[in-house]
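Reading the structure
Next come the chains, spelled out residue by residue.
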Amino acid sequence: MSFLDIDERLLELIEHIEFDRSPLTDIKTVGHCDLGLIEGGLCNAENVQVLREFRAHCKTLVAVGACAINGGLPAQRNHLDLGRLLTDVYPQGVPNDPELPLLLNHVHPIHEVVHVDYFLPGCPPSADAFWSFLTDLMAGRTPHLGHGLIHYD
Ligand code: SF4
């Protein structure tokens, strides 16, 4: 959502880029891309599979936000016993449909599984941080978040 907060700058952006798989498109698999923006930590097996797919297809991969960078708030579950947690949340029986991805014992930041080229901090990063980051990349510059654009909350 914070990315969409770039508001009317989105119109300028789409003159220069094309979206591949994203929550904004209906594309189900990842094609070859210049840039992959990954939000969220790794909580289940499907997260790992999708992340690997992005890494294999994107020249540059970015960990966006606290969850992708260090696990974020969801990683607070790392202090709890997963089995106990599930039985507490699902007292009537833990869902076991094979279609459901298995949870990982711990929540992991994405850099623990794949190489990450850039980190865009914040929970979430501000729209101005997204804009600065993307305009730098599109201009062929190494992204540099100026004063006021780096925060971790
Ligand atoms: S906004 Fe915060 S909690 Fe939500 S995905 Fe981004 S970093 Fe995680």
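Residues numbered from 1 in each chain as written. Predicted model: local features only at pLDDT ≥ 70, side-chain atom pairs only at ≥ 80, totals over all residues. Heavy atoms only, no water.

**Describing the nonpolar core**
Ranked by internal contacts, the top residues of the largest apolar core, which has 15 residues, are Ile38, Leu51, Phe54, Leu61, Ala63 and Ile110. Broken down by secondary-structure element, the contributors of at least two residues to this core are strand S1 (33-39), helix H2 (45-57), strand S3 (58-64) and helix H3 (65-70). Every residue in contact with leucine 51, bar those within four places of it in the chain, is listed here: Ile38, Leu42, Leu61, Ile110, Val113 and Val114. Membership of the second largest hydrophobic core comes to 14 residues, among which are Phe3, Ala129, Phe130 and Leu145. (Core = buried A, V, L, I, M, F, W, Y, C linked by side-chain atoms within 4.5 Å. Buried < 20%, exposed > 50% of the residue type's maximum accessible area, 1.4 Å probe, protein only. Helix = DSSP H or I, 4+ residues; strand = E, 2+ residues; numbered from the N terminus. Contact = heavy atoms within 4.5 Å.)

**Some thoughts on the environment of asparagine 47**
Mapped onto the fold, asparagine 47 is located in helix H2. In this structure the C-alpha to C-alpha distance between asparagine 47 and histidine 151, which are 104 residues apart in sequence, comes to 25 Å. With residues near it in sequence (within four places) discarded, asparagine 47 still touches Gly41 and Leu42.

**Topic: a nonpolar patch on the surface**
Taken together, Met1, Leu4, Leu11, Ile14, Phe19 and Leu24 make up a surface patch of nonpolar side chains, about 600 Å² in accessible area. Its relative accessible area of 58% is what places leucine 11 among the exposed residues. (Patch = residues over 30% accessible without salt bridge, like charges linked within 9 Å, V, L, I, M, F, W, Y side chains within 5 Å. Areas by Shrake-Rupley, 256 points an atom, 1.4 Å probe, with all protein chains shown as cover. Salt bridge = Lys/Arg side-chain N within 4 Å of Asp/Glu carboxyl O.)

**With respect to the pairing of S3**
Within S3, 6 of the 7 residues are buried, leaving the element largely enclosed by the surrounding structure. Pairing of S1 with S3, which is carried by 6 bridges, proceeds in the parallel orientation. Bridge pairing links glutamate 39 to valine 64 in S3. In the sheet, S3 pairs with strand S5 (residues 118-120) via 3 bridges, with the strands oriented parallel. In the strand pairing of S5, valine 64 is matched with leucine 120. (Pairing = 2+ DSSP bridges.)

**Observations regarding the layout of surface pockets**
Its boundaries defined by the atoms lining it, the largest pocket holds a volume of some 1500 Å³. As for the largest pocket, its lining consists of 48 residues, and the residues nearest its centre are Ser22, Pro23, Gly36, Leu37 and Ile38. Counting residues per element, the ones that place at least two in the lining of the largest pocket are S1, H2, S3, H3 and helix H5 (127-138). Taken together, the residues that form the lining of the largest pocket break down as 30 nonpolar, 11 polar and 7 charged. Estimated volume of the second largest pocket: approximately 320 Å³. (1 Å grid on protein atoms, 1.4 Å probe; cavity = no way out; pocket = protein on both sides within 12 Å on 5 of 7 lines; lining within 4 Å. Points joined across faces, edges and corners; volume = space filled by probe spheres on them. Nonpolar A, V, L, I, M, F, W, Y, C, P; charged D, E, K, R; others polar.)

**So, the sheet that holds S5**
Read from one edge of the open sheet, 3 strands run S1-S3-S5, paired in parallel fashion. Only two strands of the sheet have a single partner each, and these edge strands are S1 and S5. Geometrically, the sheet is characterised by an average inter-axis angle of 25 degrees between neighbouring strands, direction not taken into account. Lying over the sheet, H2 contacts S1 and S3, oriented at roughly 135 degrees with respect to S3. Packing of H5 onto the sheet brings it into contact with S1, S3 and S5, and relative to S5 it is tilted by some 155 degrees. (Axes fitted to C-alpha atoms, helices over the stretch in contact; angles between N-to-C directions.)

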